[in-house]
Amino acid sequence: MIKKVSSHKISIETFGCQMNEYDSQVARGFLEAAGFEVIGEGNGSDVYLMNTCSVREHAEDKVYSRLGKLSKIKKTKPEIIVGLMGCMVEEHKEKLFRRFPDLDFMVGTRNIKELPSLIEEVLRTRKQVAQIKRDGISIEYTDLIKRDNAFHAWLPIMTGCDKVCTYCIVPVTRGREVSMPAREVFREASRLVSEGVKHITLLGQNVNSYHGEKSVSFPQLLEMLCQIERLEQISFTTSHPHDATEELFQVIARNPKISRHFHLPLQSGSDRILKRMKRLHTYQDYKAKIDRLRELVPDISITTDMITGFSGETEEDHKATKRALEEIRFGGAYLFKYSLRPGTPAAKLPDDIPMDVKKRRHHELLEIQKRISNKDFPFGINAS
Ligand code: SF4
């Protein structure tokens, strides 16, 4: 039972991925159970909490500009409290206190439960405090969670990543892979369904490398969850091509409950760049998996992520990526301009593609994908 410690108004602003959306829903649950009133973003809060993302410079810049604005507000309203959670806390830690003296508290992704007592401590002492645990799993299954949708639920099953894609900050901010035991995932999924949830999306930075107790694999976990009677649909994100196996494709094919939308980041069509990114596969490996999945599940729609302008990318590499979009004909693609992240292996490589070239290449990919999406998927992709 959580002791009611406060009646202050708090706003939670969430940046980044679905994992952060889930963490914000958990944070809201603990805060409301402790008596806080969680209100929409904006004015009138006593406490401003931001759940942050480090995946691209742009995401961090948004938080820095918010902190700048809140620091100005504090000049006239010194009683307000400002706090951060999420990946920027894991990446920068106490350095953020030095850079932003008006920042009052920080919680790591493994300490969300401690939010109420931490804020209470700041309200009492007006001193900066931080709780950033270094190990363990940052997943909290709790019936206190405040979901935004009565019929859909995010369900994280693992965190962290053991891959070392050179451009990626996730291994730094979320650590090594840790999977929730399959029996706990099954119990939480059953609990959600008993609350009326019909559609569950399984979350993980590299969801298909999930390994539960006794080495329950991701395909096996999916089949287990398909046994939950009133659960109508199961989706999952994000997958890595290296762990997209024949076993997984067979399980999707024989279970209509499993979503017919499959998101599989390719990142580049060039083998040279895939090697430089340490993606552990070639373009042809990826293409062969897509062909096999489409053979087994003809109504599958596939979306992807692409990074343009990665270190050393030549016009030839860019052409290979354009060819990949034309050849695979994705239902949709999230296209990003490469953003060097300090602390990643690629930070040692030159960020040598000028921004105007990144923009021009990004635009060309966007035009190709728009044309394909409009032609092949005029009514949008089969996201069901
Ligand atoms: S698999 Fe995904 S989360 Fe893991 S390092 Fe690569 S891009 Fe990052």
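Preceding this section is the structure that the text describes.
Residues numbered from 1 in each chain as written. Predicted model: local features only at pLDDT ≥ 70, side-chain atom pairs only at ≥ 80, totals over all residues. Heavy atoms only, no water.

Looking at the overall build of the chain
For the chain, the helix and strand inventory stands at 13 helices and 14 strands. Radius of gyration (C-alpha) of the chain: 22 Å, near the 21 Å computed for a compact globule of 384 residues. Dimensions of the chain, computed from the C-alpha atoms along their principal axes, are close to 60 × 55 × 40 Å. Burial statistics for the chain: of 384 residues in total, 54% are counted as buried. Counting contacts in the chain only where the partners sit at least 6 residues apart, residues at least 24 apart contribute 76% of the total. If you sum the accessible surface of the chain, you get close to 17,200 Å²; carbon and sulfur atoms cover 53% of it. (Helix = DSSP H or I, 4+ residues; strand = E, 2+ residues; numbered from the N terminus. Rg over C-alpha atoms; globule rule 2.2 N^0.38 Å. Buried < 20%, exposed > 50% of the residue type's maximum accessible area, 1.4 Å probe, protein only. Contact = heavy atoms within 4.5 Å. Areas by Shrake-Rupley, 256 points an atom, 1.4 Å probe, with all protein chains shown as cover.)

Describing the packing of aromatic side chains
Enumeration over the complete set of coordinates arrives at seven aromatic pairs. Ring centres of Phe218 and Phe236 lie 5.0 Å apart, and the angle between their planes is 80°; this geometry places the pair in the edge-to-face category. You can see Phe218 sitting in helix H8 (residues 218–226) and its partner Phe236 sitting in strand S11 (residues 233–237), a full 18 residues away along the chain. The same class applies to Phe218 as to Phe236, namely buried. With a centroid separation of 4.8 Å and an interplanar angle of 75°, the aromatic rings of Phe310 and Tyr338 are classed as edge-to-face. With a gap of 28 residues between them, Phe310 in the loop between strand S13 (301–308) and helix H12 (315–328) and Tyr338 in the loop between strand S14 (332–337) and helix H13 (355–376) connect regions that are remote in the sequence. Using a relative accessible area of 0% as the deciding quantity, one classes Phe310 as buried. (Phe/Tyr/Trp six-rings, centres within 6.5 Å; stacked < 30°, edge-to-face > 60°.)

Describing the nonpolar core
Core analysis: the largest hydrophobic core is formed by 80 residues, its most contacted members being Phe105, Leu115, Ile157, Leu202 and Phe262. At six residues, the largest contribution of residues to this core is made by helix H1 (residues 18–33). Here Phe262 is in contact with Phe236, Ser239, Ala244, Leu248, Phe249, Ile252, Leu293, Ile300, Ser301, Ile302 and Thr303, once residues within four sequence places are set aside. Grouped together as the second largest cluster of nonpolar side chains are 20 residues, Met50, Tyr64, Leu70 and Val89 included. (Core = buried A, V, L, I, M, F, W, Y, C linked by side-chain atoms within 4.5 Å.)

With respect to unusual backbone geometry
Omega for the bond connecting Thr237 with Thr238 falls within 30 degrees of zero, at 10°, which places this linkage in the cis form. Here the phi dihedral of Lys93 falls at roughly 50°; this positive angle occurs in a residue that is not glycine. Relative to the helices and strands, Lys93 resides in the loop between helix H3 (87–92) and helix H4 (95–99). Residue classification places Lys93 among the partly exposed positions, given a relative accessible area of 24%. Phi at Gln267 takes a positive value of approximately 75°, unusual for a residue other than glycine. With respect to the element layout, Gln267 can be found in the loop between strand S12 (261–263) and helix H10 (271–276).

Brief notes about the site of the ligand
Around the ligand, a shell composed of Cys161, Lys163, Cys165, Tyr167, Cys168, Val170, Pro171, Gln205, His240 and Arg279 is seen. Of the residues belonging to the shell around the ligand, the class tally is six nonpolar, two polar and two charged. (Near = heavy atom within 4 Å. Nonpolar A, V, L, I, M, F, W, Y, C, P; charged D, E, K, R; others polar.)

Here's the deal with helix H9 (residues 246–254)
Of the positions making up H9, those classed as buried are Leu248, Phe249, Val251 and Ile252. One side of H9 holds all its buried residues, which, seen down the axis, span an arc of 160°. The inward-facing, buried residues of H9 contact H8, S11, S12 and helix H11 (283–296). (Arc of directions from axis to C-beta.)

Notes on the sheet that holds strand S2 (residues 37–39)
The strand order across the open sheet built from six strands is S2-S1-S3-S4-S5-S6, with neighbouring strands paired in parallel fashion. Either end of the sheet is taken by a strand with one partner, and the two such strands are S2 and strand S6 (129–131). In this sheet, neighbouring strand axes are inclined to one another by 20° on average, regardless of whether the strands run parallel or antiparallel. Strand direction decides the pairing type here: strand S3 (residues 47–52) and strand S4 (residues 81–86), joined by six bridges, are parallel. The residue of S4 that forms the bridge with Met50 is Leu84. Against the sheet, helix H2 (residues 57–76) contacts strand S1 (9–14), S3 and S4, and its axis sits at roughly 170° relative to S3. (Pairing = 2+ DSSP bridges. Axes fitted to C-alpha atoms, helices over the stretch in contact; angles between N-to-C directions.)

So, the sheet that holds S13
The strand order across the open sheet formed by three strands is S12-S13-S14, and the pairing between neighbours is parallel. Among the strands making up the open sheet, the edge pair consists of S12 and S14. Between one strand and the next, the sheet's axes are offset by a mean angle of 15°, whatever the strand orientation.

Considering empty space enclosed by the protein
With the rule as written, the count across this model stands at one cavity of 30 Å³ or more. Each pocket or cavity is described by its volume, and for the largest cavity that value is around 40 Å³. If you trace the largest cavity, you find it lined by Leu67, Leu70, Ser71, Lys74, Val82, Phe100, Asp102 and Leu103. In terms of residue count, the dominant contributor to the lining of the largest cavity is H2 (four residues). Of the residues belonging to the lining of the largest cavity, the class tally is five nonpolar, one polar and two charged. (1 Å grid on protein atoms, 1.4 Å probe; cavity = no way out; pocket = protein on both sides within 12 Å on 5 of 7 lines; lining within 4 Å. Points joined across faces, edges and corners; volume = space filled by probe spheres on them.)

A look at the side chain of Lys358
Looking at where Lys358 falls in the secondary structure, it is placed in helix H13. Among the polar contacts listed, one links the side chain of Lys358 to the side chain of Asp351, at a separation of 3.0 Å. Residues in contact with Lys358, not counting those within four places in the same chain, are Thr308, Gly309, Lys337, Tyr338, Asp351 and Ile353. (Polar contact = N/O pair within 3.5 Å; in protein donor to acceptor, adjacent residues only side chain to side chain.)

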